[in-house]
Amino acid sequence: MQSRPFITLDNITVRLRNRWLLERTNWRICRGDHWVVWGPNGAGKSTLVQVLTGQAVVVQGAVQRHYEDDPTLCGGRPALALVSSEQYHRLYQRERMLGHMRYFSGRAQDATLAGNLFDSDMPGERPADQRRREHIQDVLQLSPLLAKPLMVLSSGEMRRVLLGRALLANPCLLILDEPYNGLDAAARVQLAGLLAWLSANDTQFVLITHRLSEIPIGVDHVLQLEGGRAIWQGRKAAFIERLAQPATDPQAVRALQPVAQREKVTLAEPPLIAMRAVTVRFGDQVILDRIAWTMHTDEHWALTGPNGAGKSTLLALITSDQLQAYANDISVFGRRKGSGESVWEIKQQIGYVGDDLQARYQRQMTGFDVICSGFFDSVGLYRRCTPEQRRTARQWVQSLAMEEIAEQPMARLSFGQQRLVLIARAVVKNPRLLILDEPCNGLDGVYRRRVLEMLARISRISATQLLYVSHRPDEMPACITHRLRLESGKVAAVDHFEDQAPSAGAKR
């Protein structure tokens, strides 16, 4: 069974608008093989996933699905299941729309629970046996999540629920598109263990990633993509040796453009953020429990904690995207919420990046127009930019070496490329407060380095203050002066860093 072909890509080429991708690609996945597809942002990884799942049109060559001709390959099980960030985005959009409808119909307390999604039947799915269900819930630690509304789950928790749902279907081949995005350290360890369990239980997988550290130990096959082409495939040991000889990357040495300077505020100014005994609950679920926290001017804060600690909810209180902000004692930029200020007055001073914004921005407008929308805090561009605003946006495009990305429609960009566009959107107006929720999710090594360099420069020469969320210590900006750690909706620790690291990206 190990050598029987499962899917074969026979000299395929895919066309997206005026681009030819995966040109003349040949690749065979045999029954029992586990593969890693590795490559930087824009390499073609998402397009390859669409080919495997039948969502991309192949204009040359053929995709042979051997399991359709030989039912014994799967023995009645579903052939494929997919877990991806795009699924999370579609689910978020649906629940957000339903939430508005429930609010206006007087049924605001009604909500889709995570358990409804986890147990939902999909076409072609057969019921999983109880032992398998219990094992999946145990390994992914899903039981505490199933009674929560979907909209209060963190992005990492949502991904765990989606992964559990896919595993319940017991597919022959599980396709995992950047599954580590948004997971805390403990969840990443759990996922690694789950992949080992899958390989021992007749479920093969294809793992899409751009991080060497995410390649599982049990995987022995790697397909490398770059520039929209498959450039190499073979054994993992040979791949690791191949990467030991890196090529020169012109983007890595490109100089950053200067950011706009603004007079720094003094410590006599009121705090940027002040929270006093802040509590958020949904029914019986307490999300934040009596949070007391103050962020002063000239401070850069890291917000940390495991998945489900309440980090995203705390950010939503600041940006006014969580309505319970007005039932609590919260001040932003010296004004208490509910004292007469408009949501737009708050948003004008905040630049924001997060999975929820990315989920709302699946549009056909170009990356450049998305960046320009940051001047107006709109999801979409409905006003004409001034020539000066367009020049500023072009400077950021050049600084982050994303000229080609900026000219493409947002909906056609990879997850990492979309993230980069939204980072530029957040900084383009030189905000007073820059809130970055896992900004490096989906970014390859080159762009992660460039973003951290950019944040270090912003902290040095502008009055913009950072509130930065990350589960990865090696992605924490060196300018961070304080850290707020949440656990189970409560303040677990507040730390102050006396000595500043000399360069961006240093570990703390």
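Since we're looking at a predicted model, the values are computed, not measured.

What counts, and at which threshold
Residues numbered from 1 in each chain as written. Predicted model: local features only at pLDDT ≥ 70, side-chain atom pairs only at ≥ 80, totals over all residues. Heavy atoms only, no water. Pairing = 2+ DSSP bridges. Helix = DSSP H or I, 4+ residues; strand = E, 2+ residues; numbered from the N terminus. Axes fitted to C-alpha atoms, helices over the stretch in contact; angles between N-to-C directions. Contact = heavy atoms within 4.5 Å. Patch = residues over 30% accessible without salt bridge, like charges linked within 9 Å, V, L, I, M, F, W, Y side chains within 5 Å. Areas by Shrake-Rupley, 256 points an atom, 1.4 Å probe, with all protein chains shown as cover. Salt bridge = Lys/Arg side-chain N within 4 Å of Asp/Glu carboxyl O. Buried < 20%, exposed > 50% of the residue type's maximum accessible area, 1.4 Å probe, protein only. Phe/Tyr/Trp six-rings, centres within 6.5 Å; stacked < 30°, edge-to-face > 60°.

Participant: Mind showing me how you'd approach the sheet that holds strand E3 (residues 35-38) here?
Facilitator: Hydrogen bonds between backbone atoms are what pair the strands of a sheet, whose relative direction is either parallel or antiparallel. The 6 strands lie next to each other as E5-E6-E7-E3-E8-E9, forming an open sheet whose pairing is mixed. This sheet does not close on itself; its edge strands, each paired only once, are strand E5 (80-83) and strand E9 (229-235). Mean inter-strand twist for the sheet, computed between neighbouring axes without regard to direction, equals 15°. Across 4 bridges, the pairing between E3 and strand E8 (residues 221-226) is parallel. Residue pairing in the sheet places Val37 in a bridge with Leu223 of E8. The sheet strands contacting helix H8 (residues 236-243) are E3, E8 and E9, and the helix crosses E9 at an angle near 125°.

Participant: Hey, could you run me through a nonpolar patch on the surface in this one?
Facilitator: Judged by side-chain polarity, Trp20, Val57 and Val59 come together as a nonpolar surface patch covering roughly 320 Å² of accessible area. By the element assignment, Val57 lies in the loop between helix H1 (45-52) and strand E4 (58-65). On the basis of relative accessibility, which here comes to 62%, the residue Val57 falls in the exposed class.

Participant: Would you take a moment to explain the pattern of salt bridges for this structure?
Facilitator: When their charged atoms lie close together, side chains carrying opposite charge are able to pair. In this structure the tally under the stated criterion is 25 salt bridges. Where Glu95 meets Arg94, a salt bridge forms, and the shortest distance between an N and an O atom there is 2.8 Å. Taking relative accessible area as the criterion, Glu95 reaches 2% and is therefore assigned buried. The exposure class of Arg94 is partly exposed, given its relative accessible area of 40%. The salt bridge involving Arg483 is made with Asp495; its shortest N-O contact spans 3.0 Å.

Participant: What exactly am I supposed to notice about the packing of aromatic side chains here?
Facilitator: On inspection of all chains with the given rule, the structure shows 7 aromatic pairs. With centroids separated by 4.9 Å and ring planes inclined at 35°, the aromatic side chains of Phe6 and Tyr67 adopt a geometry described as tilted. Of this pair, Phe6 sits in strand E1 (residues 5-16) while Tyr67 sits in helix H2 (residues 66-69); the two residues are 61 residues apart in sequence, bridging distant segments of the chain. Taken individually, Phe6 and Tyr67 each receive the classification buried, so the pair is uniform in this respect. For the ring pair Trp27 and Trp35, a centre distance of 5.4 Å and an interplane angle of 85° mean the geometry is edge-to-face. For the residue pair Trp27 and Trp35, the accessibility class agrees, reading buried in each case. Among the aromatic residues, ring-to-ring pairing joins Trp38, Trp232 and Phe239 into one connected group.

Worth remembering: the numbers are spatial, not functional.
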